[in-house]
Amino acid sequence: MGPADAAEGAARGAPERFAEQVGFATASAEDGSGLAAAVRERRTRLGADCRVLLYLSVPPGQAEGMLRMIGREGLAEGATVMVEKPVGEDVDTARALNALLASLVPEERILRIDHFLAKESVRALLALRTANPWLAASWDARHIASVLIDVPERIGIEGRASFMEHTGTFRDMVPTHLCQALAAAAIEPPRSDDPEAERAARLRLFEQTRPFDPARTVFGQYEGYRDEDGVAADSATETFAAVEVRIDNPRWRGVRFLLRTGKALDSADHRLTVRFRPVPGGDGTAPELSVGLGAAADVRLGVRLSRPGARPGTVDGVLGLEPLPGAGDSLGAYAQVFRHALSGDHRVFTTAAEVERLWELAARVLADPPPATPYPQGSAGPEVPDPEDPEPDRTD
């Protein structure tokens with residue numbers, strides 16, 4: 001057997017060797033003794049250099065009980081705690097969970113997950129607008145009229161009625177995933193590559209963002225939702241949400257951002273679309289920049305070209321940009337989450353202050369939600385405000 005054969009055999013054996021190290025133990029909020037015993041045994045076997053990562057993927061309503069169990073059983077000692085979004089369900093529950101987390105481990109060992117922060121397409125959006133001078137110079141209210149962040153889904157609730165009925169699309173998606181995509185589009189370029197500089201820039205942006213206005217928010221519910229198993233016959237839960245966002249800082253004052261997401265729509269194309277202002281003295285048309293937010297960070301830039309043939313004038317064109325082949329190996333969002341957690345680079349995790357501020361932004365809509373307008377499955381959803389309509393720029 002040559003070196004290549006040996007390497008191939010080693011590679012084939014790697015999953016088996018990894019599987020031999022995997023163990024399972026059950027736990028609940030009431031009884032975590034079995035899990036605690038299993039963790040103690042594994043820590044003893046691995047020795048003093050063992051690192052413990054506690055990953056909680058539980059609904060917000062169960063998070064408190066599980067965290068208290070972790071404290072009772074001593075599992076948090078020396079461990080890092082990862083918590084899935086959403087952290088809490090409103091401002092009060094988020095503050096309570098953050099206080100409980102702080103009583104177990106220091107802030108530098110608390111990792112609040114929002115996997116949109118780790119998506120390579122979202123990271124590419126931030127790099128695109130900050131690392132390219134030709135675009136960075138135009139990334140402000142003087143040049144941009146509006147920004148649409150669109151995260152539609154073709155699927156319905158896929159058997160998750162209990163989750164949807166309790167949480168709804170607004171709570172699930174807007175103060176979490178869509179606001180993190182907003183941050184990639186709108187934060188001031190971080191002052192350094194220090195992960196904490198990026199997290200501080202996100203918090204500053206959200207502090208400058210106006211609380212969401214129920215009058216500029218649209219909820220919808222797809223037709224047939226109430227017929228899904230586990231859904232109340234008179235359910236008012238929204239399966240669609242669109243929210244206008246305004247940011248009160250010099251870069252973005254006067255620009256409208258529209259966050260839009262929903263189930264059972266006519267598309268699953270996750271995309272950010274920037275509509276630039278018309279060129280002074282031009283024909284009034286507005287170019288657009290479109291950036292994919294799905295698995296691929298494709299970029300499309302609207303351009304004007306001279307009309308071919310005998311007639312003078314211009315025509316619309318699209319300039320497409322893609323990363324160079326071999327520029328890097330793509331990783332899924334959760335692979336990035338764990339890579340950052342293990343490396344100690346926490347830029348893709350949210351802070352307590354960030355989470356609580358996002359719930360503050362959502363509070364008015366949660367307190368006074370708009371009615372959910374029915375929409376046909378496979379449609380574009382209910383009508384939403386045009387970000388460029390003439391509604392005045394209020395400061396309240």
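Let us look at the structure shown here. Residue numbers run consecutively from 1 along every chain, following the written order of its sequence. Thresholds applied to this predicted model are a pLDDT of at least 70 for local features of residues and 80 or more for the giving and counting of side-chain atom pairs; totals over whole chains, interfaces and linings are not thresholded and use all residues. With hydrogens and water set aside, each side-chain value is computed from the structure's full complement of heavy atoms.

### Description of the overall build of the protein
- When its secondary structure is counted, the protein shows 10 helices and 13 strands.
- This radius of gyration counts C-alpha atoms alone. The globule rule is 2.2 Å times how many residues there are, raised to the power 0.38. For the protein, the C-alpha radius of gyration of 24 Å lies close to 21 Å, the compact-globule estimate for 396 residues.
- If one aligns the C-alpha atoms of the protein with their principal axes, the spans along those axes are about 80 × 65 × 40 Å.
- The contact criterion used is simple: two residues touch if any of their non-hydrogen atoms lie within 4.5 Å. Relative to all contacts within the protein whose residues are 6 or more apart in sequence, the contacts with residues 24 or more apart total 72%.
- Surface accessibility follows the Shrake-Rupley procedure with a 1.4 Å probe radius. Residue values consider only the protein chains on display as shielding. By element, 54% of the accessible surface of the protein is carried by carbon and sulfur atoms, the whole surface being about 19800 Å². Working definition: helices are DSSP H or I runs of at least four residues, strands are E runs of at least two. Numbering for both runs from the N terminus.

### Remarks on a nonpolar patch on the surface
- Without a salt bridge and with relative accessible area above 30%, a residue can belong to a patch; like charges are then joined within 9 Å and nonpolar side chains (Val, Leu, Ile, Met, Phe, Trp, Tyr) within 5 Å. Salt bridge criterion: a side-chain nitrogen from Lys or Arg within 4 Å of a carboxyl oxygen from Asp or Glu. A contiguous nonpolar patch, built from Phe18, Val22 and Phe24 and spanning about 400 Å² of accessible area, is present on the exposed surface.
- When you line up the elements, Phe24 lands in the loop between helix H1 (3-20) and helix H2 (33-46).
- Exposed residues in this analysis have more than 50% of their type's maximum accessible area, buried residues have under 20%, and partly exposed residues fall in between, with area computed by a 1.4 Å probe over protein chains only. The class for Phe24 is exposed, based on a relative accessible area of 81%.

### Considering the pairing of strand E3 (residues 110-113)
- Covered by surrounding structure in E3 are Ile110 and Arg112 together with Leu111 and Ile113, the residues of both alternating faces.
- Alignment of E3 against strand E12 (residues 349-350), held across two bridges, turns out to be antiparallel. Following the sheet pairing, Ile113 is matched in E12 by Phe349. By this definition, two strands are paired if DSSP reports at least two bridges between them.

### As for the pattern of salt bridges
- In the structure shown here, the tally under the stated rule is 26 salt bridges.
- The residue Asp269 makes a salt bridge to Arg271 at a minimum N-O spacing of 2.9 Å.
- According to the relative accessible area criterion, Arg271 is buried, its value standing at 8%.
- A salt bridge links Arg275 to Glu288, with the shortest nitrogen-to-oxygen separation between them at 3.7 Å. Of this pair, Arg275 sits in strand E8 (residues 271-276) while Glu288 sits in strand E9 (residues 288-292), and the two are 13 residues apart along the sequence.
- Judged by its relative accessible area of 28%, Arg275 is partly exposed.

### What about the sheet that holds strand E2 (residues 80-83)?
- Here four strands make up an open sheet; going across it, the order is E1-E2-E3-E12 and the pairing mixed. For this open sheet the edge positions go to strand E1 (53-56) and E12, each flanked by a neighbour on one side alone.

### Things to note about the nonpolar core
- In terms of nonpolar packing, the biggest core is built from 74 residues, with Phe170, Phe212, Phe257 and Leu289 touching the most fellow members.
- Ranked by residue count, the leading element in this core is helix H7 (residues 161-186), at 11 residues.
- Residues in contact with Phe257, not counting those within four places in the same chain, are Val147, Leu182, Ala186, Val243, Glu244, Val245, Ile247 and Trp252.
- What we call a nonpolar core is a set of buried Ala, Val, Leu, Ile, Met, Phe, Trp, Tyr and Cys residues that are connected through their side-chain atoms within 4.5 Å. Counting 13 residues, the second largest nonpolar core, distinct from the first, contains Val218, Tyr225, Ala264 and Leu265.

### Quick notes on the packing of aromatic side chains
- Any two rings among Phe, Tyr and Trp, with Trp reduced to its six-membered ring, count as a pair given centres within 6.5 Å; such a pair is stacked if its planes are under 30 degrees apart, edge-to-face if over 60, and tilted if neither. Here the structure, examined in full by the defined rule, presents six aromatic pairs.
- Ring geometry for Tyr55 versus Phe338: centroids 5.5 Å apart, planes at 85°, classification edge-to-face. Taken together, the positions of Tyr55 in strand E1 and Phe338 in helix H9 (residues 333-343) put the pair 283 residues apart, joining distant regions of the chain.
- With a relative accessible area of 29%, Phe338 lands in the partly exposed category.
- Taking the centre distance of 5.7 Å and the plane angle of 80° together, the rings of Tyr222 and Tyr225 count as edge-to-face. One exposure class covers both Tyr222 and Tyr225, and it is buried.
- Among the aromatic residues, ring-to-ring pairing joins Tyr222, Tyr225, Phe240 and Tyr375 into one connected group.

### Looking at the environment of Pro106
- Examined against the element boundaries, Pro106 turns out to sit in the loop between helix H4 (91-104) and E3.
- Among the residues examined, Pro106 registers a relative accessible area of 32% and is labelled partly exposed.
- Remark: the alpha-carbon pair of Pro106 and Val81, spanning 25 residues in sequence, is separated by 9.7 Å.

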